[in-house]
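This is what each chain is made of:
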Amino acid sequence: MRLMMWTALGLIMAIRLLSALDEGLAWSVAFVTMAPYPPLVALLAGPHRRRVRDALLAVLMMLYAVPFAVAGTHWDWMPWPLAVAALCSFRGRVAWPLFGLILVATDVAGLWTDDALSASMRMLQTADDGLIIFGLYALVVMVARLDAARGHLARLELLRERLRVDGELRTVAGAHLRAVLAQLTQAVDAEPEIARDRLGAAVETVRQALTDIRATAADYRLPPARPAPIESPKVARLTLAAVFACDASLQWVGAAMIRPWTLLLLVPLSCAAGVVLLLMKPSRKQMILLGVLVGLPAMPFSYLVMELSGIANLWAFFLGLVLIRMRPPRSLMITGVVVALYVALNFSLSPAPNLAGVAGFLVSLAILTWVSYGLIRLSNLVVLLRQAERDLTREALIRERTRIARDLHDLLSFSLSAVVLRGELCDRLMEADPVRARTELAALPDLVERALTELESVAHAAVGLRLAQELSAAHAVLKAAGIQAAATVETGTLPPEVEAAVAAVLREAVTNVVRHSTARTCRITVTPEGDTVRLRVVNDGAAEPPPATPSPGPGGSGLRGLAERTGGRLTAGARAGGRFELVAEFDS
C-alpha cells in the first residue's frame, strides 16, 4: 500500500530533477534543488509527535529556500513539497486554507518572474503534485486504520445491540414480571378469596408475558436488514477529479499560449473524458470510451490541429483503467503501445527534445498512470475492507440475535411456564388442600424473581445454569403438571461449561415432556460414561410423539439444535411400552 505512495513521490522527485537538468543546471546545482525532499519523506513516514512534526516542517521550509541562494529563480521552484506537507500534516480546517495560501503565493510569485499564463501553469503543477501525494497518503492511512480497527465496529455494534435488546426486553416483559411479583407477594399473606383473585391475575399476566417473549424471540431470528452498498472513499474520488482537472487545465493553458481558439476543441473533449472517468460506473465500456475520447483527437487529428496533441497527456488516466480492468500480459501490451505512441507523438509534432526532456515526458506519463492506478486500487481496497467489516458486523449481529432468541426460548420460557403451571396447581389446591396451596403460593415469588434475573441476563449473554437448580426446578414443574418425577445424579463436580450444557438440555427436555406428552412418570438420570456425561430423560407419555424432538435443522431452538450448540450428541425416540427416551452425551 505505502509502496504506491512512495513510488509516486519518487517519480515526482525524478521529474523535478530532470526538469532542472533540462533547464541547463549543473548536476551539483540540480541536486541542491532536492534539499527539501529528505524532511518531506520523514514527514510522510510518520506519524510523529507534534514537536517532531513541527521541527520537520521548519526544516522543510528552510531547506526549500536553499536552492534560491544557489540558482536564483532559474530552477523548477514550484513549492509542491510545501503543499504536500500542509495537506498531510494538518487537519482539514487548517490544511486546506494553507494549501490555498501556498497556491496563491505561487501564482503571485509566478507573475513577478513570468507572464500570467506561465504563472498559472506553475500554480496548477504545484496543486497537481500536492494533490497526487496527498490522495495516496490519505488512502494509505485510511487502509492502515481500517486494518488496525478490524473487528472494532463489530464489537461496538454488538454492544449497541445488547443495550437495545436489554431495553426492549425490559419494556416487553420486565414490567409484566415486576407486576406479577408484586401481585404474588401481596397474595401470600392475603385472605383466600383475595389471594385467589391476585393469583389468577398474576398467572394471566405471566401467560401474556410468555406470549410476548415468544413473539420477541421469533422477531430476533430475523436477520437485520442489509446496509446500503459502500461507495469508494470520497478522498479518492475528489483527488482523482482534482488531478484530472489540474492536468486538463494545464493543457488548456498551453493551448491558450499558442492559439486560443483551439480551446473550443480541447475543453469539450477534456470535459467529456472527465465525465466518463469520474461519473461512469467502472466497467470495460468506460475504459474503451475514455480511450476513444483521449486517443483519437491526439492520433491522428493532432496532425491537423497541433494543440490537440496536448490531450495525449490525459492518456495516463486511460492506462490506469487498463491496468485495473485488464490482466497481464494484455494490459502490459496495451501500455507498451500507448507509451510508444506517446513518444512518437512528442517527437513528430515538435523539435526533438534532449534526453532529459524525453525522460521528463515519460516520467510525467508514468506518474499520472501510477496515480490513476493507485487511487483506484487503494479506493477498491478501502471498499473491500469496509465491506468485510460490515459483513463481520452483520454476522456478529445475526449470531447475537439468534443467541438471544434461543435463550428466550430455551431458558426464559421454561421459567415462565413453571410459574404458570405452579400457579394453576396452586389455584386447584386452594379448596382441596389450603395448607399445600399456601406453600406453593409462597414459592411462586422466588420463581418470578428467577425469571427476572434471567431476563436481565439474556441480553448480556450472562445466563448461567446449574444442574442442581435445574433438577430442583424440573422436579417442581413436573409435580405441578401432575407427573411423578424421579432423579438420579451419579456424577461429581462437572466443568462449568459441561454443567451448563447438561442443565440447558434438561430444562428443554422437561419443557417438552410437560407441553407435548401425556406422561404420568418421568425419570431423569445423569451418569458418567468414560470421558462423557450422559443425560437420560424417560417418560411414559409417548402415545403422541413430541413434535419438538425431530431435528429442526442446524442452529434451531429445539433439543437437537440445543445439543449441537452446546457441543453434545442427542438421540431421542419412542420405546416399547409407550415410553419416550431422550439421551444426550457431553464430553467432559
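Just so it is clear, the structure is predicted and the values come from calculations on it, not from any experiment. (Residues numbered from 1 in each chain as written. Predicted model: local features only at pLDDT ≥ 70, side-chain atom pairs only at ≥ 80, totals over all residues. Heavy atoms only, no water.)

Peer 1: Can you help me understand the overall build of the chain in this one?
Peer 2: Broken down by element type, the chain carries 19 helices and five strands. The C-alpha radius of gyration of the chain comes to 39 Å, more than 25% above the 25 Å expected for a compact globule of 588 residues. Principal-axis analysis of the C-alpha atoms gives the chain an extent of 115 × 50 × 50 Å. Out of the 588 residues in the chain, the part that is buried amounts to 48%. In the chain, once contacts between residues fewer than 6 apart in sequence are set aside, the share between residues at least 24 apart is 74%. When the accessible surface of the chain is summed, it comes to about 27800 Å², and 62% of that surface belongs to carbon and sulfur atoms. Put simply, the chain has 58 plus and 52 minus side-chain charges, and the middle of one group is 4 Å from the middle of the other. (Helix = DSSP H or I, 4+ residues; strand = E, 2+ residues; numbered from the N terminus. Rg over C-alpha atoms; globule rule 2.2 N^0.38 Å. Buried < 20%, exposed > 50% of the residue type's maximum accessible area, 1.4 Å probe, protein only. Contact = heavy atoms within 4.5 Å. Areas by Shrake-Rupley, 256 points an atom, 1.4 Å probe, with all protein chains shown as cover. Lys, Arg positive; Asp, Glu negative; His and termini not counted. Charge placed at Lys NZ, Arg CZ, Asp CG, Glu CD.)

Peer 1: Hey, could you run me through helix α3 (residues 37-44) in this one?
Peer 2: What sets the pattern is the α-helix's 3.6 residues per turn: residues three or four places apart point alike. Taken as a whole, α3 has its buried residues at Tyr37, Pro39, Leu40, Leu43 and Leu44. Down the axis of α3, the buried set is contained in an arc of 165°. They therefore lie on one face. Of the surrounding secondary structure, the elements contacted by the buried residues of α3 are α1 (2-22), α4 (50-71), α5 (80-89) and α7 (116-148). (Arc of directions from axis to C-beta.)

Peer 1: Would you mind showing me how to read the sheet that holds strand β2 (residues 521-529) here?
Peer 2: Within a sheet, neighbouring strands are paired by backbone hydrogen bonds and run either parallel or antiparallel to one another. Here we have five strands laid out as an open sheet, ordered β1-β2-β3-β5-β4, and mixed in their pairing. Sheet topology places β1 (484-489) and β4 (568-575) at the edges, where each strand pairs with a single neighbour. Strand after strand, the sheet turns through a mean of 10° between neighbouring axes, direction not considered. Of the pairings in the sheet, the one linking β4 to strand β5 (residues 579-587) comprises eight bridges and is antiparallel in character. Residue Gly573 lies in a different strand from β5, and its bridge partner there is Glu581. Contacting β1 and β2, helix α17 (residues 467-480) crosses the sheet at an angle of about 165° to β2. (Pairing = 2+ DSSP bridges. Axes fitted to C-alpha atoms, helices over the stretch in contact; angles between N-to-C directions.)

Peer 1: So what exactly am I meant to see when it comes to the packing of α17 against helix α18 (residues 496-516) here?
Peer 2: Helix-helix packing: each pair is described by the crossing angle between the helix axes and the interaxial distance. For the pair α17 and α18, the least separation of the axes is 9 Å and the interaxial angle reads 5°. By the angle between their directions, the pair α17 and α18 is classed as roughly parallel. Across from Leu467, Ala468, Glu470, Leu471, Ala474, Val477 and Leu478 in α17, the residues of α18 making contact are Glu499, Val502, Ala503, Leu506, Arg507, Val510, Val513 and Val514. Across the contact of α17 with α18, the residue classes tally to 12 nonpolar, no polar and three charged. (Parallel < 35°, antiparallel > 145°, perpendicular 65-115°, else oblique. Nonpolar A, V, L, I, M, F, W, Y, C, P; charged D, E, K, R; others polar.)

Peer 1: Help me understand the pattern of salt bridges, please; the structure alone is not making it clear to me.
Peer 2: Side chains carrying opposite charge are able to pair once their charged atoms draw close together. On inspection of all chains with the given rule, the structure shows 20 salt bridges. Notably, a salt bridge pairs Arg164 with Glu161, separated by 2.8 Å at the nearest N-O pair. On the criterion of helical spacing, the pair formed by Arg164 and Glu161 is a turn pair, its members being three residues apart in helix α8 (residues 152-188). In this structure, the salt-bridge partner of Glu581 is Arg536, at a minimum N-O distance of 2.5 Å. Taken together, the residues span a long stretch of sequence, with Glu581 in strand β5 and Arg536 in strand β3 (residues 532-539) at a distance of 45 residues. Judged by its relative accessible area of 11%, Glu581 falls in the buried class. Judged by its relative accessible area of 30%, Arg536 falls in the partly exposed class. (Salt bridge = Lys/Arg side-chain N within 4 Å of Asp/Glu carboxyl O.)

Peer 1: Sorry if this is basic, but what is going on with the environment of Ser120 here?
Peer 2: Structurally, the position occupied by Ser120 is in helix α7. A residue is classified by how much of its surface remains accessible, and Ser120, at 23% relative accessible area, is partly exposed. Distance from Ser120 to Val253, taken between C-alpha atoms, is 7.6 Å for residues 133 residues apart in sequence.

Peer 1: Can you help me understand the packing of aromatic side chains in this one?
Peer 2: Here the distance between the centres and the angle between the planes together describe a pair of aromatic rings. Here the structure, examined in full by the defined rule, presents 11 aromatic pairs. Here Tyr64 and Phe68 contribute two aromatic rings whose centre-to-centre distance is 5.8 Å and whose plane-to-plane angle is 75°, an arrangement assigned as edge-to-face. A residue pair is termed a helical-turn pair when its members lie 3 or 4 positions apart in one helix, as Tyr64 and Phe68 do in helix α4 at four residues. We classify Tyr64 as buried; its relative accessible area is 10%. The class for Phe68 is partly exposed, based on a relative accessible area of 31%. What links up through ring pairs into an aromatic cluster is the set Tyr64, Phe68, Trp75 and Trp77. (Phe/Tyr/Trp six-rings, centres within 6.5 Å; stacked < 30°, edge-to-face > 60°.)

Peer 1: Is there a simple way to explain the side chain of Gln251 in this structure?
Peer 2: In this structure, Gln251 sits in helix α10 (residues 234-258). Those residues in contact with Gln251, other than ones at most four positions away along the chain, are Leu266, Gly310 and Asn313.

Peer 1: I would appreciate a short explanation of the confidence of the model for the chain in the present structure.
Peer 2: In low-pLDDT segments, the atomic positions of the prediction should not be examined closely. For the chain, per-residue confidence averages 85 on the pLDDT scale, and residues scoring 70 or more make up 93% of the total. Overall, residues 545-557 carries pLDDT values under 50, and its contacts beyond four positions in sequence, including any with other chains, amount to 28 contacts. (pLDDT = per-residue confidence, 0-100.)

Peer 1: Even after reading the chapter, I still don't get the packing of helix α12 (residues 284-295) against helix α13 (residues 315-325), so can you show me in this structure?
Peer 2: Interaxial distance between α12 and α13 falls to 9 Å at its minimum, and their mutual angle equals 155°. Accordingly, the angle class assigned to the pair α12 and α13 is roughly antiparallel. In this structure, the crossing between α12 and α13 has a hand that is left-handed. Here Arg284, Gln286, Met287, Leu290, Gly291, Val294 and Gly295 of α12 come into contact with α13, specifically with Trp315, Phe317, Phe318, Leu321, Val322 and Arg325. Residues of the contact of α12 with α13, tallied by class, amount to eight nonpolar, three polar and two charged. (Left-handed = near helix turned anticlockwise from the far one by under 90°.)

Peer 1: Is there a simple way to explain α5 in this structure?
Peer 2: Taking burial as the measure, the 10 residues of α5 include 10 buried ones, the bulk of the element. Packing partners of the buried residues in α5 comprise α1, α3, α4, α6 (92-113) and α7.

Peer 1: Honestly, the environment of Glu454 in this entry has me stumped. Any pointers?
Peer 2: Residue position: Glu454 is located in helix α16 (residues 434-458). Given the relative accessible area of 8%, Glu454 is considered buried. With 42 residues separating them along the chain, Glu454 and Leu412 place their C-alpha atoms 6.4 Å apart.

Peer 1: Would you mind showing me how to read the pairing of β2 here?
Peer 2: Within a regular strand, the side chains alternate between the two sheet faces. In terms of strand pairing, β1 meets β2 through six bridges, oriented parallel. The residue bridging Thr488 from the neighbouring strand is Thr525, located in β2. Where the polypeptide runs from β1 across α18 and back to β2, its parallel neighbour, the crossover connection is left-handed. The pairing of β2 with β3 spans eight bridges and is classified as antiparallel. Bridge pairing in β3 places Pro528 opposite Val533. (Right-handed = clockwise from strand over helix to strand, strands pointing away.)

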